[in-house]
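Architecture at a glance
As a plain string of letters, each chain reads:
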Amino acid sequence: MKITNIAVFVLGDPKPDHAVDMARIDALAFVRIDTDEGITGLSEIFTVPPGVARAVLDGPDSFFGRLLIGEDPIHPERLWQKLYNSMLHGNRHGWAIICIGAVDVALWDIFGKAVGRPVYELLGGTTRANHQEITPEERQSATPYCTIVSDRWDRESVLREQVERVVKLRELGYRAFKIEPLNQPDETIVELTRRTRAAIGKDDLLCVDVGYLWNDVGHAARVITHLAEFDLFFFETPLPVDAVAAYASLTRQTTVPIAMGEHTTTRWEFLEMIEHGGIQVAQPYMTTCGGITEAKRIVEMARPRGVLVCPGNWSTAVLGMATIHLAAYSPITPIYESAPAEVYWSPLRHALQELAAPVVNGVVRFPTSPGIGIDLPDDLIRHFLLTPTMP
């Protein structure tokens, strides 16, 4: 089998005629890789500007396209290394790694389709040990945690809207939640956490994310210590993304697990945050970190260090389906992030979620379809396409 083409296309929500929430998708790039056997692979390219994605991945003359056309797509790890090595004297972080990550996801999609197996089986299958399973469902399903944001960010809106969304999702069967009191004073953070815990009861999982709110470690430690009574699974991104020493100081001062990693690329950045920053929960995005290939390496690196890997995904169900395969493989991934379309406006999110594995009783069964398990119909692409031509 040979790669015959690589193409980027851009999808987005229609322009609304009224104010909408922050889940709207303005322009999200996707990559599709074609082969001479008619097998295609798909990935989204979260956070990379469409113009950059096109320059790097669109067509045989693109930056990485020239290295991929004519290659055998199997094995993805070989091509990951080829693309990474091509950047030896260039940028081995940032957008270049995210683009490699998107290619990697698409290649795993092709690999799975070529051999007729879901990707997680090619990674090694479910590797949870019997003596570490509480229920039989853990060997067959993964648990998404719902990220909750507000439409408006005044105190009363944050308290009302986020709790209302949690309650609605809980009624739909979800059992894990992450609230986001962004840009809020301490009192609002504490009150939102208190109200949410009261709304979901003691058994459901609760996390808090303040989006890099503080620079002051002492301040962060005081607030997080106050929140410990609400039994948080983790507290996400309290400090600036690259503040390794600050994270190290904070993690020594609180018993609440500290999580980060949504913008972290490659296992090497995660290693620094784990060994020197002391984080207890790593949150790689399947494309941002460098792909499924690199995410698996992050799992293998985190496991002997006693760190959980709970992948992030404030994007669509396309990235979500790739994430499920890592969750199926990983014995240290009790939950993964989801932006549930049920409580947000975005028509594109809704359309993509309808194609993905459903959430039933709070969990998603591991995919059985070959590859990643999601493909986009041409009519969906045409409806949301922001460029004049199909891929």
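These notes cover the structure that comes with them. (Residues numbered from 1 in each chain as written. Predicted model: local features only at pLDDT ≥ 70, side-chain atom pairs only at ≥ 80, totals over all residues. Heavy atoms only, no water.)

1. Describing the packing of helix 11 (residues 292-302) against helix 12 (residues 317-329)
When two helices pack together, you describe them by how their axes are tilted relative to each other and by the distance separating the axes. Convention followed: Axes here mean lines fitted to C-alpha atoms, for a helix over just the part in contact, with angles spanning 0 to 180 degrees between N-to-C directions. Numbering of helices and strands runs from the N terminus; a helix is a DSSP stretch of H or I covering at least four residues, while a strand is a stretch of E covering at least two. To sort the angles, those under 35 degrees are grouped as roughly parallel, those over 145 as roughly antiparallel, those from 65 to 115 as roughly perpendicular, and the leftovers as oblique. Left-handed is the label given to a crossing in which the near helix is rotated counterclockwise from the far helix by less than a right angle, and right-handed is the label when the rotation is clockwise. In this analysis, two residues are considered to be in contact whenever any of their non-hydrogen atoms come within 4.5 Å of each other.
Helix 12 packs onto helix 11 with a crossing angle of 30° between their chain directions and a minimal axis gap of 11 Å. Judged on the interaxial angle alone, helix 12 and helix 11 are roughly parallel. Of the two elements, helix 11 crosses helix 12, and the hand of that crossing is right-handed. Where helix 11 approaches helix 12, its residues I292, A295, K296, V299 and E300 are matched on the opposing element by A322, L326 and Y329.

2. As for the packing of aromatic side chains
The condition is simple: Two rings from Phe, Tyr or Trp (for Trp, the six-membered ring) form a pair when their centres are within 6.5 Å of each other. A pair whose planes differ by under 30 degrees is stacked, one over 60 is edge-to-face, and the rest are tilted. Here's how the labels work: a residue is buried when its accessible area is under 20% of the maximum for its type, exposed when over 50%, partly exposed in between, all with a 1.4 Å probe on protein chains only. Consider the ring centre and the ring normal. A charge sits over the ring if Lys NZ or Arg CZ is within 6 Å of that centre and within 35 degrees of that normal.
Under the counting rule described, the total for this entry stands at ten aromatic pairs. Ring centres of F9 and F30 lie 5.4 Å apart, and the angle between their planes is 10°; this geometry places the pair in the stacked category. With F9 in strand 1 (residues 3-11) and F30 in strand 2 (residues 28-35), the pair connects residues that are 21 residues apart, well separated along the chain. Among the residues examined, F9 registers a relative accessible area of 1% and is labelled buried. Between W214 and F235 the ring centres are 6.0 Å apart and the planes differ by 15°, which places this aromatic pair in the stacked class. Residue W214 is located in the loop between strand 7 (205-209) and helix 8 (217-227), and its partner F235 is located in strand 8 (residues 234-236); the two are separated by 21 residues in the primary sequence. Judged by its relative accessible area of 6%, W214 falls in the buried class. Through a chain of ring-to-ring contacts, three or more aromatic side chains come together here, namely Y145, F233 and F234. A cation sits over an aromatic face here: R349 above W314, 4.9 Å from the ring centre.

3. So, the sheet that holds strand 3 (residues 40-44)
Rules: Pairing between two strands requires that DSSP report at least two bridges joining them.
Sheet architecture is open: three strands sit in the order 1-2-3, paired in antiparallel fashion. With partners counted over all chains shown, the strands left at the sheet margins are strand 1 and strand 3, one partner each. Adjacent strand axes in the sheet meet at a mean angle of 15°, parallel and antiparallel pairs treated alike. Taken together, the five bridges between strand 2 and strand 3 define a ladder with antiparallel strand orientation. In the sheet register, F30 faces strand 3, and the bridge partner there is E44. Together, strand 1 and strand 2 form the strand contacts of helix 1 (residues 50-57), whose direction differs from that of strand 1 by roughly 175°.

4. Regarding the side chain of T323
With respect to the helices and strands, the residue T323 is situated in helix 12. T323 gets classed as buried once you look at its relative accessible area, which sits at 1%. Filtering out sequence-adjacent residues up to four positions away, T323 remains in contact with M286, P311 and Y336.

5. Here's the deal with the sheet that holds strand 7
What the eight strands build is an open sheet, ordered 11-10-9-8-7-6-5-12; its pairing is parallel. Each edge of the sheet is formed by a strand with only one pairing partner; in this case those strands are strand 11 (308-309) and strand 12 (336-338). Across four bridges, strand 6 (residues 176-179) lies against strand 7 in parallel orientation. Of the residues in strand 7, the one forming a bridge with A176 is L205.

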